[in-house]
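Reading the structure
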Amino acid sequence: MTTLVDVAEYLETKFNGLKSKYSIDTVYYGDQNKMVGSRCVCIDPNLKRITDYSAGMKLAIPQFIVIIYVYSLNITDPGFNRKEADRLAEKLEVEVNFDSNLGGLVMDGYVSLIESGYATVNASLARVTKMTYEANNRERIGGPVV
């Protein structure tokens, strides 16, 4: 049975493997308020819910939602940082969507939402782009994956 932690850890490992390709300094499990580096990605497990359930067969469709925060903390120009965070997020979106079943961990997944904004990091206002990743699986409650 796939867990929310499994999905988040897979994404964490994936982004760690993309660090040199996209000049990412640090990948964190969970959102952070203190970070090292100028380009940081945080993988934040958010939600697991059963979206469909068949009581007779005990079949379920669990849905996993993981939030991916992309931070640009480099230059003091907020406009530059915002563009950098947005650009990196859209590049990472392509990488995640290309691996739609997370190596067989889920049936299907995709980035469903990208939001550009800001957050407080290292006691300063920082630019961050928030990506919402959603995945679905199919499994038997109390039994092996179907």
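Quick note: structure is the one above.
Values in this document were obtained by computation on a predicted structure and should not be read as measured data.

Calculation criteria
- Residues numbered from 1 in each chain as written.
- Predicted model: local features only at pLDDT ≥ 70, side-chain atom pairs only at ≥ 80, totals over all residues.
- Heavy atoms only, no water.
- Helix = DSSP H or I, 4+ residues; strand = E, 2+ residues; numbered from the N terminus.
- Buried < 20%, exposed > 50% of the residue type's maximum accessible area, 1.4 Å probe, protein only.
- Contact = heavy atoms within 4.5 Å.
- Areas by Shrake-Rupley, 256 points an atom, 1.4 Å probe, with all protein chains shown as cover.
- Lys, Arg positive; Asp, Glu negative; His and termini not counted.
- Charge placed at Lys NZ, Arg CZ, Asp CG, Glu CD.
- Salt bridge = Lys/Arg side-chain N within 4 Å of Asp/Glu carboxyl O.
- Pairing = 2+ DSSP bridges.

**Describing the overall build of the chain**
- Looking only at helices and strands, the chain features 3 helices and 6 strands.
- Ordered by position from the N terminus, the helices and strands of the chain form the series α-α-β-β-β-α-β-β-β.
- Here the chain holds 146 residues, and 40% of them are scored as buried.
- Partitioning the contacts of the chain with sequence separation of at least 6, the portion at a separation of at least 24 is 60%.
- Accessible area for the chain stands at about 7600 Å²; split by element, carbon and sulfur atoms hold 51% of it.
- In the chain, the 16 positive side-chain charges and the 18 negative ones have mean positions that sit 1 Å from each other.

**A word on the pattern of salt bridges**
- Applying the stated criterion to the full structure yields 5 salt bridges.
- The shortest N-O distance in the salt bridge between Asp99 and Lys14 comes to 3.5 Å. Within this pair, whereas Asp99 is found in the loop between helix 3 (78–98) and strand 4 (108–121), its partner Lys14 is found in helix 1 (residues 4–17), the two being separated by 85 residues in sequence.
- Of the charged contacts in the structure, one is a salt bridge between Lys130 and Glu115, with a shortest N-O distance of 3.8 Å. Of this pair, Lys130 sits in strand 5 (residues 124–136) while Glu115 sits in strand 4; the two residues are 15 residues apart in sequence, bridging distant segments of the chain.
- Taking the relative accessible area as the measure of exposure, Glu115 reaches 34% and is therefore partly exposed.
- Each of Arg39, Glu84 and Arg87 takes part in salt bridges that share partners, so that together they form one network.

**Regarding the pairing of strand 4**
- With 13 bridges joining them, strand 4 and strand 5 adopt antiparallel strand pairing. Looking across to strand 5, one finds that Ala119 is bridged to Ala126.
- Here strand 4 folds back onto strand 5, and the loop between the two strands holds 2 residues, one of which, Asn122, carries a positive phi near 50°.

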